[in-house]
There are 2 protein chains.
Amino acid sequence: MTGAGTNHTIPSLTGGPAIILVRPQLAVNIGMCARAMANFGLSDLRLVNPREGWPRTGALRKGAYAAAAGAVHLLESARLFASLEEAVADLNGVFATTARERGQVKSVLAADEAMIEAAARIRGGEKLGILFGPERTGLANEEVVLADKIVSFPVNPAYASLNLAQAVLLIGYEWMKAAHGSAPPFQQAERSPGAPREMVVSFFEYLEGELERVGFFRPLAKRPVMQNNLRNMFHRMHLTEQDVRSFRGMVVRLVEGPRVERPKRKNQPSDDNG
Amino acid sequence: MTGAGTNHTIPSLTGGPAIILVRPQLAVNIGMCARAMANFGLSDLRLVNPREGWPRTGALRKGAYAAAAGAVHLLESARLFASLEEAVADLNGVFATTARERGQVKSVLAADEAMIEAAARIRGGEKLGILFGPERTGLANEEVVLADKIVSFPVNPAYASLNLAQAVLLIGYEWMKAAHGSAPPFQQAERSPGAPREMVVSFFEYLEGELERVGFFRPLAKRPVMQNNLRNMFHRMHLTEQDVRSFRGMVVRLVEGPRVERPKRKNQPSDDNG
């Protein structure tokens with residue numbers, strides 16, 4: 001993957017729900033979460049009591065900043081809170097991510113449903129946040145109680161453990177799809193329009209004539225079926241004018257045999273193109 | 001997140017498209033891809049010319065196996081190929097992931113569209129594979145040519161670089177949704193059914209009578225509006241019979257004041273429950 005990287009000439013997407021890492025254990029994981037947020041246009045990172053302390057300074061800075069790759073600005077603007085209550089104080093709605101049932105009477109949404117709801121509520125002016133628990137244990141039940149709804153991910157039941165940055169990545173991805181649309185970042189390369197049908201049919205007739213001449217259609221009774229199959233194969237290619245010229249050129253060459261080099265024809269347009 | 005982990009008592013999901021890592025640079029990333037595959041029930045891992053060699057043995061084994069976490073079985077069953085042509089030889093369809101436009105006339109699908117198509121084709125008996133390029137550069141154009149279609153991800157255009165395991169994770173996640181359904185792995189905790197409406201209305205009438213008595217509804221002209229708002233607040237909770245008993249008990253206690261401990265009533269059912 002990769003290949004595009006950070007582009008400093010394009011304004012970065014911002015907004016979306018706050019990503020609230022509750023008691024994260026490893027500074028390097030905080031960096032990876034920042035990177036995942038940047039990939040999908042999330043910009044509000046909040047930390048509640050990170051076990052290794054605040055990674056902006058000191059020995060942990062290097063690992064966290066390396067893991068964040070080009071998303072160091074999110075670490076720089078992250079906010080540190082001493083309690084979850086303070087971290088969610090300004091929010092109008094809170095979702096808690098969890099991989100297992102908590103016996104709490106609260107709606108359970110898949111990540112896509114949750115981010116569709118989040119996009120609508122944020123468009124309506126609300127501030128939302130998503131809670132992610134510590135790497136090893138997940139959120140404590142008392143922390144889940146602070147949320148309005150639970151978010152979980154469809155996973156292989158035999159192997160349900162997502163790491164912290166992966167969970168943030170999936171939330172970011174579904175946020176991107178819900179808030180900014182799910183279209184891929186680029187479309188098929190520009191191509192000329194489909195060839196006019198008369199050009200395609202004229203090529204078919206030329207090809208079938210040559211095939212008839214060399215005895216390709218055997219047994220003869222099968223010719224209509226063989227011809228239909230052949231035409232359908234070509235139609236599945238959505239041939240452009242250029243495609244038709246290429247194919248006709250190939251058949252001409254195969255029929256006429258090796259081209260005889262004639263110096264005087266040099267620099268003249270060729271009939272079989274490239 | 002986490003909290004559920006690997007469960008060896010549940011049969012693991014298998015199948016899905018082959019994940020084909022083309023010239024991956026770091027053994028540790030191969031391990032992380034294996035882990036992401038296991039999370040979403042993918043089981044066919046193929047490696048084409050990994051730069052650090054085959055991580056099943058030697059110095060690289062440790063990092064790759066640690067990164068795979070509980071998904072070591074996928075590294076054990078992975079297959080090594082000397083060329084991409086050999087790696088895709090048995091496949092009926094090949095998709096190439098890429099983060100940038102390649103100027104190739106090929107359909108470009110978002111990951112969700114691609115996995116919906118993959119699920120349908122695999123159900124129909126086809127074998128498919130998804131190509132992922134090296135970490136730094138992505139697939140070469142000649143490698144993309146080998147694919148039928150291109151797959152890409154909606155990303156923040158200013159920060160479009162997904163790492164290898166993240167790209168595999170998103171493909172796995174969309175495969176899971178398309179092939180096994182997008183429902184979260186558990187539903188809301190069991191709860192008793194909603195209270196019969198006559199029980200709720202009876203509680204409202206009791207509450208409103210007490211509020212009337214203590215002069216809550218002021219100015220009196222506002223009483224109908226205040227009462228409607230109050231009833232709507234309670235209806236938004238989807239009260240169960242237990243919820244209604246809890247609320248009635250709270251109001252009784254607030255109205256009657258501190259409970260007088262009467263030893264003879266011990267072990268009798270309480271009217272305000274817990």
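Residues numbered from 1 in each chain as written. Chains lettered and ligands numbered in written order. Predicted model: local features only at pLDDT ≥ 70, side-chain atom pairs only at ≥ 80, totals over all residues. Heavy atoms only, no water.

Caption draft 1: Quick look at the pairing of strand E7 (residues 149-152) of chain A. When strand E4 (residues 93-97) of chain A meets E7(A), the two strands line up parallel, connected through three bridges. Bridge pairing links A:Phe95 to A:Lys149 in E7(A). (Pairing = 2+ DSSP bridges. Helix = DSSP H or I, 4+ residues; strand = E, 2+ residues; numbered from the N terminus.)

Caption draft 2: Representation of the nonpolar core. By size, the foremost hydrophobic cluster in this structure holds 92 residues, and its most contacted members are A:Ile19, A:Leu21, A:Leu45, B:Ile19, B:Leu21 and B:Leu45. Aside from chain neighbours lying at most four places away, what touches B:Leu21 is B:Ile30, B:Cys33, B:Leu45, B:Arg46, B:Leu47, B:Val48, B:Phe132, B:Leu164 and B:Val168. (Core = buried A, V, L, I, M, F, W, Y, C linked by side-chain atoms within 4.5 Å. Buried < 20%, exposed > 50% of the residue type's maximum accessible area, 1.4 Å probe, protein only. Contact = heavy atoms within 4.5 Å.)

Caption draft 3: Structural view of the sheet that holds strand E4 (residues 93-97) of chain B. Residues and elements named next belong to chain B. As summarised here, the arrangement of the seven strands in space is E3-E2-E1-E6-E4-E7-E5, forming an open sheet in which the pairing is parallel. Single-partner strands in this sheet number two, and they are strand E3 (79-81) and strand E5 (108-110). Strand-to-strand, the axes of this sheet are offset by a mean angle of 30 degrees, without reference to chain direction. Strand contacts of helix H5 (residues 111-123): E4, E5, strand E6 (128-132) and strand E7 (149-152), with the helix running at about 95 degrees to E5, the strand carrying the most contacts. Across the sheet, helix H7 (residues 164-180) is in contact with strand E1 (18-22), E4, E6 and E7; its angle to E6 comes to roughly 155 degrees. (Axes fitted to C-alpha atoms, helices over the stretch in contact; angles between N-to-C directions.)

Caption draft 4: Local environment of the interface of chain B and chain A. The partner chain A presents 76 residues to the 76 residues of chain B that form the contact. Buried area between chain B and chain A, summed over both chains or domains, comes out near 6,500 Å², and the portion from carbon and sulfur atoms is 62%. Linking chain B with chain A are four salt bridges. Taking the shortest distance from any N to any O, the salt bridge between A:Lys177 and B:Asp112 comes out at 3.1 Å. At the boundary of chain B with chain A, the tally comes to 22 residue pairs in polar contact (both at pLDDT 80 or more). Elements that contribute at least two residues to the side of chain B that touches chain A include exactly helix H1 (27-39), E5, H5, E7 and H7 of chain B. Of all the elements, H7(B) adds the most residues to the side of chain B that touches chain A, at nine residues. When the residues that make up the side of chain B that touches chain A are grouped by side-chain class, the tally is 40 nonpolar, 26 polar and 10 charged. (Buried area = accessible area lost by both parts, 1.4 Å probe. Salt bridge = Lys/Arg side-chain N within 4 Å of Asp/Glu carboxyl O. Polar contact = N/O pair within 3.5 Å; in protein donor to acceptor, adjacent residues only side chain to side chain. Nonpolar A, V, L, I, M, F, W, Y, C, P; charged D, E, K, R; others polar.)

Caption draft 5: Looking closely at the pattern of salt bridges. Tallied over the entire structure, the rule returns 31 salt bridges over all chains. With a shortest N-O distance of 3.7 Å, A:Glu241 and A:Arg245 are connected by a salt bridge. Of this pair, A:Glu241 and A:Arg245 both sit in helix H10 (residues 241-256), four residues apart, which is roughly one turn of the helix. Here B:Arg121 makes a salt bridge to B:Glu126, at a shortest N to O gap of 3.0 Å. Accessibility expressed as a relative area gives 29% for B:Glu126, which makes it partly exposed. Through salt bridges with shared partners, one network takes in A:Asp112, A:Glu174, A:Lys177, B:Asp112, B:Glu174 and B:Lys177.

Caption draft 6: Quick look at the environment of A:Thr240. Residue and element names in this part refer to chain A. Among the secondary structure elements, Thr240 is positioned in the loop between helix H9 (223-235) and H10. Taking relative accessible area as the criterion, Thr240 reaches 4% and is therefore assigned buried. Between the alpha carbons of Thr240 and Ser192 there is a distance of 6.1 Å; along the sequence they are 48 residues apart.

Caption draft 7: Layout of the relation of the copies chain B and chain A. In screw terms, the move from chain B to chain A is a rotation of 180 degrees and a rise of 0.1 Å along the axis, fitting with an RMSD of 0.1 Å. The transformation just described matches what one would write down for a two-fold rotation axis. The fraction of interface residues of chain B whose copies in chain A are also interface residues reaches 100%, indicating that both copies meet through the same surface. (Least-squares fit on C-alpha atoms with pLDDT ≥ 70 in both.)

Caption draft 8: Local environment of unusual backbone geometry. Residue A:Pro219 is bonded to the preceding A:Arg218 through a cis peptide linkage, with omega at -10 degrees. Its location among the elements puts A:Pro219 in the loop between helix H8 (197-213) and H9. A positive phi angle is found at B:Arg23, which is not glycine, with a value near 50 degrees. Here B:Arg23 shows up in the loop between E1 and H1.

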